[in-house]
Every structure is written in C-alpha cells, then in structure tokens.
Amino acid sequence: MTSEMSGELLSDGERLAWQSALSMADMLRSLVNGAIAPETGLSSADFLVLTRLRVAPEYRIAGLKALAAKLEWSPSRLSHHLKRMRTRGLVDLVHESDGHLVVSATEAAQRTMERATVLHARAVRRYLLSQVTDAELGVIVQVAARVRGQLSGAVSETADQ
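From a predicted model like this one, the values you see are computed outputs, not experimental measurements.

## Considering the sheet that holds strand 1 (residues 60-62)
- Spatial strand order, 1-3-2: 3 strands in an open sheet with antiparallel pairing. Looking at the sheet topology across the chains shown, the edges are occupied by strand 1 and strand 2 (91-95). With strand direction ignored, the average angle separating the axes of adjacent strands in the sheet is 15 degrees.
- Summarising the sheet, strand 1 and strand 3 (residues 101-105) pair through 3 bridges and their orientation is antiparallel.

In structure tokens, the structure reads:
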C-alpha cells in the first residue's frame, strides 16, 4: 500500500514542503496584488478576469462558462464578480440573441490594465524571478505542470461519478 492510501500522517519533510508551497504562493499573491491595487484599484480577482479578457480578441469573450473555465472558477462565482466589476465600470455585459453572455473590458479597464500589467511584471520579477535561477524556474514549471495534470485527471474522474 502506498503512503497516499495508507492513512499515514505527513512526514516532517512532506509537511514542510506543503506548508512552504502554500506560504510562498500566499505571500507572492499578496505582494504582487499589493503592487497593483494601490495604483490601479484592481483587486487580484479583477486583474485575473481582465488578464483573460486582455488576451482575447477585442478584449471580449462570449460565454460565461468559457470565461469561467479559463479562470478555473465556477460560473456562479464569476457571475457575481462580473456584476461587481460592471458596477465599477470595468466590464460590459451583453446577452446575445443565442443566450450567450458577452463579457468585454471597458476602455477605462483597458487603460488601467496597461499600467497594471507593467506593475505586475515588475512585482513578479522582484519577488519571484530575481530569487531563482533559470534551472529552478524550469523545476517550478515542471512540478506545476505535473501536479495540474494529475489534478485535472482527478477532477475529471470526480465529475464522471
């Protein structure tokens, strides 16, 4: 039986690795958001949504489920957040005749994102990239891809049941 299935508690090394990964992710999120929010007024969730829209043609995506999937959010969570963003003038929401919701960034949001993406890049370089070697970056990417691959399989299995 593998330790995964045996019910054993985490070893000291396993617990340290887990806590380190969570702590680093939380700290990086906080520091990067702290570099963006004061100058732009964007929350980390706002920035994430606008980043997905920024890479879409004309800053717009048709279909709430399509955007939710890109964000790895539930459609319900996204719907609530988009309503708040619309109230703040960051997105326009239009229902097409086929029933799809079209989400597009406003011109004001697009201008804000020009500044926010520069601040984001600067913060990521300062707080993460400057601290690791190219080889370590490769390891981070490989481990993340492997874990995400395993988890996407687990999510698929759960959805099939």
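Back to the write-up after that little detour.
## Some details on the nonpolar core
- Counting 29 residues, the largest nonpolar core has Val49, Leu50, Leu53, Leu78, Leu82, Val91 and Val103 as its most contacted members.
- Counting only elements with at least two residues in this core, the list comes to helix 2 (12-40), helix 3 (44-54), helix 4 (64-71), helix 5 (75-87), strand 2, strand 3 and helix 6 (107-127).
- What Leu82 contacts, discounting residues up to four positions off in sequence, is Val49, Leu64, Val91, Leu93, Leu101 and Val103.

## Description of the pairing of strand 2
- Of the pairings in the sheet, the one linking strand 2 to strand 3 comprises 5 bridges and is antiparallel in character. Each bridged residue has a counterpart across the sheet, and for His95 the counterpart in strand 3 is Leu101.
- A loop of 5 residues connects strand 2 with strand 3, the two strands running antiparallel in sequence, and Gly99 in this loop sits at a positive phi of about 95 degrees.

## Here's the deal with the packing of aromatic side chains
- What the rule picks out here adds up to 0 aromatic pairs.
- Between Arg77 and the ring centre of Trp73, over which it is positioned, the NZ or CZ distance is 3.9 Å.

Basis of the calculations
Residues numbered from 1 in each chain as written. Predicted model: local features only at pLDDT ≥ 70, side-chain atom pairs only at ≥ 80, totals over all residues. Heavy atoms only, no water. Pairing = 2+ DSSP bridges. Helix = DSSP H or I, 4+ residues; strand = E, 2+ residues; numbered from the N terminus. Axes fitted to C-alpha atoms, helices over the stretch in contact; angles between N-to-C directions. Core = buried A, V, L, I, M, F, W, Y, C linked by side-chain atoms within 4.5 Å. Buried < 20%, exposed > 50% of the residue type's maximum accessible area, 1.4 Å probe, protein only. Contact = heavy atoms within 4.5 Å. Phe/Tyr/Trp six-rings, centres within 6.5 Å; stacked < 30°, edge-to-face > 60°. Lys NZ or Arg CZ within 6 Å of the ring centre and 35° of its normal.

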